[in-house]
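Observations on the three-dimensional arrangement
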Amino acid sequence: MREQRTAVPGEAAQLPQLTAFLQQFCSSAALPAAQVLTFEVALEEIFMNVVMHGTAAGTQRRVEVSLALTDEGLTMTVEDDGPGFDPLSLPPPDVRASLAERPVGGLGVFLVRQMMDAVSYARVAGRNQLRMTKHLA
Amino acid sequence: MNVGTETLAGHTVVIPAGRVDFNSASEFQAQLERAVGGARAPAAVIVDCAALEYVSSAGLRAFLLAARAAQRAGIAFVLCALQPAVREVFDLSGFSRIISVYPDRAAALTHVAQGPP
């Protein structure tokens, strides 16, 4: 098993650094480019969700991302020390709504659910933990 | 991300290259809105995505708002030449049902030349 971990402050400016971390891990593991892009989208959606929601003024979260490559596939875990919030509890957007009626938000977590084979949330030792796994063909 | 624009047979072609993520989406949205709502409104806006490598929900939002502005203005707004990873995001989100997507620029041009559906 190959595993790697990094931690950044919960701010949007850290997104390129996190993406680079993911790309580096995937390239050293020789993962197919299409799979890497799927994880890049999932990482952005979950990280930005943490950055945008539930942070009290003047406080900053610390976000930890770990990647583990096993026989089962690639698992990405995003943890943060913010208030408890399960993004998987958000209702899915109406993907059949017309152009004029389509809501602007709420797509990120929905996309992650669609792209991954397994997504789970847990509150562990005062931290939010979102785990995503995709089987690699 | 870089965004180029061209005029083709009275239509505006917007050509994004690179990544439309959270950090570049608002700039991209501004470019799309300029294309849709410029002083000389085009008959149609075609977004040629051949060099667009990555789009997240933040990027989808920019496409959605521009498509809506175009609809209000009576301008056709279509996409073409999506790379497979970008196409997947459009399909999974249901966006390829609300925004017309064509395989290439020629097909998009043929469609917009026929006028509104």
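See the structure above.
Residues numbered from 1 in each chain as written. Chains lettered and ligands numbered in written order. Predicted model: local features only at pLDDT ≥ 70, side-chain atom pairs only at ≥ 80, totals over all residues.

What to know about the overall build of chain B
Counting secondary structure elements, chain B contains five helices and six strands. Going from N to C terminus, chain B has its helices and strands arranged as β-β-α-β-β-α-β-α-α-β-α. Rg of the C-alpha trace for chain B: 13 Å, near the compact-globule value of 13 Å for 117 residues, within the 12% margin. For chain B, the spread of C-alpha atoms along the principal axes amounts to about 30 × 25 × 20 Å. Looking at the 117 residues of chain B, the share that counts as buried comes to 50%. A separation of at least 24 residues holds for 72% of the contacts in chain B among residues at least 6 apart in sequence. (Helix = DSSP H or I, 4+ residues; strand = E, 2+ residues; numbered from the N terminus. Rg over C-alpha atoms; globule rule 2.2 N^0.38 Å. Buried ≥ 20, exposed ≤ 12 C-beta atoms within 10 Å, placed from the backbone. Contact = placed C-beta atoms within 7 Å.)

Considering unusual backbone geometry
Within the chain, A:A30 stands out as a residue other than glycine whose phi angle is a positive 55 degrees. Position of A:A30 among the secondary structure elements: in the loop between α1 (15–28) and α2 (33–52). Positive phi, normally seen in glycine, also occurs at B:A81, with a value near 60 degrees. By secondary structure assignment, the location of B:A81 is in the loop between β5 (76–80) and α3 (84–92).

What to know about the environment of B:F28
All names here are of chain B. Along the chain, the position of F28 falls in helix α1 (residues 25–37). Among the residues examined, F28 registers 26 C-beta atoms within 10 Å and is labelled buried. Placed 38 residues apart in sequence, F28 and A66 show a C-alpha to C-alpha distance of 10.0 Å.

Some thoughts on the sheet that holds strand β2 (residues 62–70) of chain A
Residues and elements named next belong to chain A. The strand order across the open sheet built from five strands is β1-β2-β3-β5-β4, with neighbouring strands paired in antiparallel fashion. The sheet terminates laterally at β1 (2–9) and β4 (118–124), the two strands that pair on one side only. Recorded for the sheet is a direction-independent mean angle of 15 degrees between the axes of neighbouring strands. Relative to strand β5 (residues 127–134), strand β3 (residues 73–80) is paired through seven bridges, and the arrangement is antiparallel. Within β5, the residue paired with M76 across the bridge is M132. Here α2 sits on the sheet in contact with β2, β3 and β5, set at roughly 15 degrees to β3. (Pairing = 2+ DSSP bridges. Axes fitted to C-alpha atoms, helices over the stretch in contact; angles between N-to-C directions.)

Brief notes about the packing of α1(B) against helix α2 (residues 57–73) of chain B
All names here are of chain B. Interhelical geometry of α1 versus α2 gives an angle of 15 degrees and a closest axis separation of 9 Å. In this view, α1 runs roughly parallel relative to α2, as classed from their interaxial angle. The element α1 and its partner α2 pack so that their crossing is right-handed. Across from A25, F28, Q29, L32, E33, V36 and G37 in α1, the residues of α2 making contact are A58, G59, R61, A62, L65, A66, A69, A70 and A73. Across the contact of α1 with α2, the residue classes tally to eleven nonpolar, three polar and two charged. (Parallel < 35°, antiparallel > 145°, perpendicular 65-115°, else oblique. Left-handed = near helix turned anticlockwise from the far one by under 90°. Nonpolar A, V, L, I, M, F, W, Y, C, P; charged D, E, K, R; others polar.)

Re the interface of chain B and chain A
Tallying the contact residues gives 20 residues for chain B and 21 residues for chain A. The element that contributes the greatest number of residues to the side of chain B that touches chain A is α2(B), accounting for eight residues. Of the residues belonging to the side of chain B that touches chain A, the class tally is eleven nonpolar, six polar and three charged.

With respect to α3(B)
Of all the residues in α3(B), the buried ones are B:V86, B:E88, B:V89 and B:F90. As for α3(B), its buried residues are in contact with α2 and α3 (108–115) of chain A together with β4 (52–55), α2, α4 (95–98) and β6 (100–102) of chain B. Immediately downstream of α3(B), the backbone of B:G94 shows phi near 80 degrees, a positive value.

Here we look at the packing of α1(A) against α2(A)
Residues and elements named next belong to chain A. Contact pair α1 / α2: the axes reach a minimum separation of 10 Å and the direction vectors enclose 150 degrees. Judged by the angle between their axes, α1 and α2 are roughly antiparallel. The handedness of the crossing between α1 and α2 is right-handed. Note on element contacts: α2 touches α1 through V36, F39, E40, L43, E44 and F47, opposite L15, L18, T19, L22, Q23 and C26. Per-class residue counts for the contact of α1 with α2 are eight nonpolar, two polar and two charged.

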